[in-house]
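What follows is each chain in one-letter form.
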Amino acid sequence: MLTKPKVTTLSWAGAGIFFFWQLGALKYLAERYDLTRVPMAGASGGALAAVLAACGVPADLVLQRAYDLSVKHGIWERPLGLVGIWGTLIEQWLDDLLPIDAAERCRGKVTVVVTTLPNMGQVGISDFKDKEDLINCAMASSHIPMLLDLKFSRLCRGKYCVDGSFPDFFYNDNSELLKAGGSAVIFDYFNDTKLVRKGRMDMLSLKKYEEVKHIMQLGYEYAQGLHHEGHFDHFEVGEMVFDHLEEAAKAAPAANGAASTALAVIQEEPVALVPAHQQQQ
C-alpha cells in the first residue's frame, strides 16, 4: 500500500492577478492553522503570498489595502489599467502591510524564487537582511518585464532579475524550488477547475473589484477542498506544537496541568498543521 509523502512546505506558484485566488486559500488556512510557523516557498505573486502569510498579515486586510490603493490611483479609470504603475503600487502595499521585523519572520522559513539574467536561472532566496531587502526580493520575484514599471528587469542582490515563475510559464510546469522534492502542497490556480480563465494571459488582465472578490472566494473553496481530502494530514510540525505548549507552560506555571493534558491528547492523535485556535490558548 502506497503512503502519502510527508509534506513539509506550502508553495505558491506564479499567479499574476490570480494572487487573489491564493489570498483566498491563505484566508482559509489561516483561520485554522498558524501559518507563521510553516515553511513556504513562492514565485511571482506566490512570493507575495508566502511573505504576507509568514508575517501573519490578515487576508481581508491585504484585500482592503489593495482596493484602497487602486481607488486612490484610479486604476479602473486609466486607459492602460495597471501597466506602468503596478510595481509602484505593489511596493507601497507591501511596505504598508509588512511589520518592521518582516525579514526576521521570513528568514530561513520563506524561499522567494527569482529568475536571474541572462541565463534565466531560478534561484531561491531566504537570507533576508532587513524589511527593505525582503521587499526588494519579493518585487524582483514578481517583476513581469515592462508591465510593472516599464523596465525589463529589477536589480536584486547585484543581479538583474525577472519574474520567478518566468520559465515555469513557458515550460508549463512549476520549478523544483516550488516542488521541494515532492514534499510540497503547491497552490497553483491552473489546478482549480472552478476558476474560469480567458486564455493564459488572463493572469495579467485587470479585474473589477467584484471579480477579484469572486476569485478570492474560489481560492478559499479550493483550500477547503484540499483540507477535506487530507492533503495537510501529514504536515510535519509536531515539534512546533510541543515547543508552543512548553513555552506556554513556562510562562504560566499554574497552567501546567492543562498543558500536560494537551500534550497527552496530541500524542494520541495524528499531528497536522498547528491549529489556529491552539495558538490563542
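Just so it is clear, the model here is predicted, and its values are computed rather than measured.

## Looking at the pairing of strand β6 (residues 159-162)
And step 1. Note: strand β3 (residues 110-116) against β6, two bridges, orientation antiparallel. Along β6, the bridge assignment pairs T116 with C161.
And step 2. Of the pairings in the sheet, the one linking strand β5 (residues 154-156) to β6 comprises three bridges and is antiparallel in character. In the sheet register, L155 faces β6, and the bridge partner there is Y160.
And step 3. The turn linking β5 back onto β6 is made up of two residues, and R157 within it adopts a positive phi angle of 55°.

## Remarks on the nonpolar core
And step 1. L10, W12, W93, L94, L98 and F187 are the most contacted members of the largest nonpolar core, which has 69 residues in total.
And step 2. Judged by nonpolar contacts, the second largest core, of seven residues, contains A13, A43, L178 and A184.

## Some points on the side chain of N174
And step 1. Tracing the backbone through its elements, the reader meets N174 in the loop between α7 (166-171) and α8 (176-179).
And step 2. Taking relative accessible area as the criterion, N174 reaches 14% and is therefore assigned buried.
And step 3. Here D188 takes part through its side chain, which lies 3.0 Å from a polar atom of the side chain of N174.

## What about the UniProt feature "active site" (unreviewed entry) in the chain?
And step 1. Here the UniProt-annotated "active site" (unreviewed entry) positions come out as S44 and D173. Maximum C-alpha separation among the annotated residues is 14.1 Å over a sequence range of 130 residues, consistent with a single clustered spot.
And step 2. Along the chain, the position of S44 falls in the loop between β2 (40-43) and α2 (45-54).
And step 3. Overall, S44 belongs to the buried group, its relative accessible area being 2%.
And step 4. When sequence neighbours within four positions are dropped, the list of residues in contact with S44 reads G14, A15, S141, S142, D163, G164 and S165.
And step 5. Counting through the fold element by element, D173 comes out in the loop between α7 and α8.
And step 6. Looking at D173, the relative accessible area reads 41%, which means it is partly exposed.

## A closer look at a nonpolar patch on the surface
And step 1. Among the surface-exposed residues, M146, L150 and F152 lie close enough to one another that they form a single nonpolar patch of about 320 Å² accessible area.
And step 2. Examined against the element boundaries, F152 turns out to sit in the loop between α6 (131-141) and β5.

About the criteria used
Residues numbered from 1 in each chain as written. Predicted model: local features only at pLDDT ≥ 70, side-chain atom pairs only at ≥ 80, totals over all residues. Heavy atoms only, no water. Pairing = 2+ DSSP bridges. Helix = DSSP H or I, 4+ residues; strand = E, 2+ residues; numbered from the N terminus. Core = buried A, V, L, I, M, F, W, Y, C linked by side-chain atoms within 4.5 Å. Buried < 20%, exposed > 50% of the residue type's maximum accessible area, 1.4 Å probe, protein only. Polar contact = N/O pair within 3.5 Å; in protein donor to acceptor, adjacent residues only side chain to side chain. UniProt positions renumbered as here; feature names shortened; annotations may be inferred. Contact = heavy atoms within 4.5 Å. Patch = residues over 30% accessible without salt bridge, like charges linked within 9 Å, V, L, I, M, F, W, Y side chains within 5 Å. Areas by Shrake-Rupley, 256 points an atom, 1.4 Å probe, with all protein chains shown as cover. Salt bridge = Lys/Arg side-chain N within 4 Å of Asp/Glu carboxyl O.

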